Amino acid sequence: MKYAWLLASLAALLSGAGCAALGVRPEIQDVRGRVTSIDMQGVSLTFDVDVKNPYPVPLKTPNFKYGLDIDENPFVTSGSAANVDLPAATVGTASLPVQIRYADLWALAASLRESKEFKYRLHGAFLVTALGESFELPLEHEGTCPVLRLPRFSVKDVDVSEASLSSARIDVDVEVSNPNVFSIDSRQLGYVVHMGDVQLGGVTASTLGEVAAGGTGLVTLSGELTAKRALMQLARGASVGNVKLRPTGSLGTPYGAVELGGSP
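Cut-off values and rules
Residues numbered from 1 in each chain as written. Predicted model: local features only at pLDDT ≥ 70, side-chain atom pairs only at ≥ 80, totals over all residues. Heavy atoms only, no water. Salt bridge = Lys/Arg side-chain N within 4 Å of Asp/Glu carboxyl O. Helix = DSSP H or I, 4+ residues; strand = E, 2+ residues; numbered from the N terminus. Buried < 20%, exposed > 50% of the residue type's maximum accessible area, 1.4 Å probe, protein only. 1 Å grid on protein atoms, 1.4 Å probe; cavity = no way out; pocket = protein on both sides within 12 Å on 5 of 7 lines; lining within 4 Å. Points joined across faces, edges and corners; volume = space filled by probe spheres on them. Nonpolar A, V, L, I, M, F, W, Y, C, P; charged D, E, K, R; others polar. Pairing = 2+ DSSP bridges. Axes fitted to C-alpha atoms, helices over the stretch in contact; angles between N-to-C directions.

Colleague: How do you make sense of the pattern of salt bridges when you look at a structure like this?
Modeller: Side chains that carry opposite charge are capable of pairing whenever their charged atoms lie near each other. Within the structure shown, the criterion is met by ten salt bridges. For D48, the salt bridge goes to R34, with nearest N and O atoms at 2.6 Å. In this pair, D48 sits in strand β2 (residues 42-53) while R34 sits in strand β1 (residues 27-38), placing the two residues 14 residues apart along the sequence. For R34, a relative accessible area of 40% corresponds to the partly exposed category. Note that R187 and D185 form a salt bridge whose closest N and O atoms lie 2.5 Å from each other. The exposure class assigned to R187 is exposed, which follows from its relative accessible area of 56%. Look at the salt bridges and you will find they share partners, linking D30, R32 and D50 into a network.

Colleague: Quick question: what am I supposed to make of unusual backbone geometry here?
Modeller: It is generally the case that most residues other than glycine have a negative phi and that most peptide bonds are trans. Phi is positive for D71, which is not a glycine, with a value near 50°. In this fold, D71 is placed in the loop between β3 (63-70) and β4 (73-81). Backbone geometry at A89 places phi at a positive 55°, although glycine is not the residue there.

Colleague: Explanation requested: the layout of surface pockets in the structure shown.
Modeller: Picture a little ball the size of a water molecule; that probe, rolled over the atoms, points out where space is still empty. Reported here for the largest pocket is a volume of approximately 170 Å³. Lining the largest pocket are D69, D71, E72, K119, Y120, R121, E142 and G143. At the level of elements, β6 (117-130) and β7 (133-146) are the ones that each hand at least two residues to the lining of the largest pocket. Class assignment for the residues of the lining of the largest pocket results in one nonpolar, one polar and six charged.

Colleague: Please clarify how the sheet that holds strand β13 (residues 201-205) should be interpreted in this entry.
Modeller: Note: strands within a sheet are paired through backbone hydrogen bonds, in either parallel or antiparallel orientation. Across the sheet, four strands lie side by side as β8-β9-β15-β13; this open sheet has antiparallel pairing. Of all the strands in the sheet, just β8 (152-161) and β13 have a single pairing partner and so form its edges. Going from strand to strand, the sheet's axes swing by 20° on average, the running direction of each strand aside.

Given below as structure tokens:
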């Protein structure tokens, strides 16, 4: 019995060596790209590579080399060890992370500055050593990746009510346009609103929720005007100036919330 483990291991190795001798080799079965995070500075991609290991022993941490082309322009090249052991006699998945900064995209091609998404091509190879043999497994994958754009806000109407010598209620109807190729969720957004050089206090927003890719929605911002100079202008029937607003809080995306900073 004490030799059973040794005999089983030897049999497995001989079986694996037989596989290699018969031309059975590891192979890449699938490559998938996914966005793991996105923000105002850039986007993170992860490429999941499924590798079939036909041998009865695991393949220890293969190396890989790869390049990423964006809009047919070489963007990055790298080589390192994949942080995974490929299990015996089955398919294992190795993940290759790539960080893309928008500043580097703009430097790569001026045409990308206004793009809502870009095309990429991953190419390279896994370098695997098993049972005394070395294999180079080519990999390639093409896809598109989004670029985060802030929604656009257009003031459609301003209504003044409950005006007195001390305060006035201001309601601002704002159209929210989503220029992205994915939907956005505005429920965690806040707003800083100015009328001319006067900031409204206690601003609240009606629920807008999700805005589809390329779509629009309408939100009403309500706040209180207390500046005496502005109230006097309103009492005389004059406008207090153009409405300007700044979004704060966080913007929901399919890849997680994006913090815009600041507080309402």
